[in-house]
Amino acid sequence: MTTQQEVAGPRGRRSQLAELVRNISYEVMPFKNTEQAVLSHVPTDVPLTVTVTEAKGIDTTLRLTEKLLRHGYQVAPHLPARQFTGESHVAEVVDRLRSAGTRSVFVVGGDAPEPAGPYPDAHSLLQAMEAVRHPFEQVGIGGYPEGHSIIPDESIELALKQKAPMATRILTQICFDANTTASWAGRIAAAGIDLPVHVGIPGPVNRQKLVRISAGIGLGQSARFLRKQQNLLWRFLLPGGYNPTRLAKRLAASAPKSGGNIRGLHIFTFNELRGTERWRQQLLASLSGKEDRS
């Protein structure tokens, strides 16, 4: 039996899944009750990212990031390139996050139809951040295992190669096919992009919660949110259509195909933090043989 076959066996898959769950992070959205929900349900050793919505802007995300940092959380705010107005704005945000003790950020292009300044994509913002000598130890960038609905694959691949030298990890968009994700991770590793990949998957959230969230993030962005989540909504319509544990197990089984660069999970919680943390604890307990069967 080869080493890869051994890793792919039941014991290897269990070990791989445990490693993925130990290296987990949660994505939260900056709504009115997010701070309290995090404090009530999320341990401080679970890293967080905070999204930016078009309706609320960057400042709302920065305020929540500062609050959560003061509570002892590891927090990476999303920095959407298309919402930055210029070099002084970049320097201002970097200084603000430096003062707050931020060690990690996640740089994205953003969903704004038109850029507010000279940064149309994540690559241009990363360059601007380097120009002002940002202090961040961890810089996340996005990955697209299934491509992008409006950006050609060739452009996505080029952008990833351009961004990678300025980043420390990749957080992927949602993909429900573990083999597709693993094959993509293997391809980028073979192309010389050796960053650790943290695979984005939805947590245990229902369709009604997704619709409520979409209604609270602004009309234009809400429409784009629903378009991007059509596959997710469809899966939640079907009985048993989505289960985060099943997808996590498939990722653990497929991870060896990636060459070893799949290192963790990034959970899109959609602010369903109580259910997400309960799911994580139950999964950890089952993997350690301490599952509560009462």
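My aim in this report is to walk through the structure given alongside it, one point at a time. (Residues numbered from 1 in each chain as written. Predicted model: local features only at pLDDT ≥ 70, side-chain atom pairs only at ≥ 80, totals over all residues. Heavy atoms only, no water.)

Here we take up the pattern of salt bridges. This structure, assessed with the given rule, holds 8 salt bridges. Between Arg 63 and Asp 59 there is a salt bridge; the shortest N-O distance is 2.3 Å. With Arg 63 and Asp 59 both in helix α4 (residues 57-70) and 4 residues apart, this pair spans about one turn of that helix. The class for Arg 63 is partly exposed, based on a relative accessible area of 38%. Put simply, Glu 277 and Arg 280 hold a salt bridge, and the shortest N to O gap is 2.8 Å. Of this pair, Glu 277 and Arg 280 both sit in helix α13 (residues 273-287), 3 residues apart, roughly one helical turn. In terms of burial, Glu 277 and Arg 280 fall into one category: buried. Through salt bridges with shared partners, a single network forms among Asp 59, Arg 63, Glu 66 and Arg 96. (Salt bridge = Lys/Arg side-chain N within 4 Å of Asp/Glu carboxyl O. Helix = DSSP H or I, 4+ residues; strand = E, 2+ residues; numbered from the N terminus. Buried < 20%, exposed > 50% of the residue type's maximum accessible area, 1.4 Å probe, protein only.)

Size it by volume and the second largest pocket reaches roughly 480 Å³. If you go around the second largest pocket, you meet 21 residues; those closest to its centre are Pro 47, Gln 74, Ser 104, Gln 138 and Arg 169. Residue assignment for the lining of the second largest pocket shows that the elements contributing at least two residues are β1 (24-28) and β3 (75-80). (1 Å grid on protein atoms, 1.4 Å probe; cavity = no way out; pocket = protein on both sides within 12 Å on 5 of 7 lines; lining within 4 Å. Points joined across faces, edges and corners; volume = space filled by probe spheres on them.)

Purely geometric numbers; function is a separate question.
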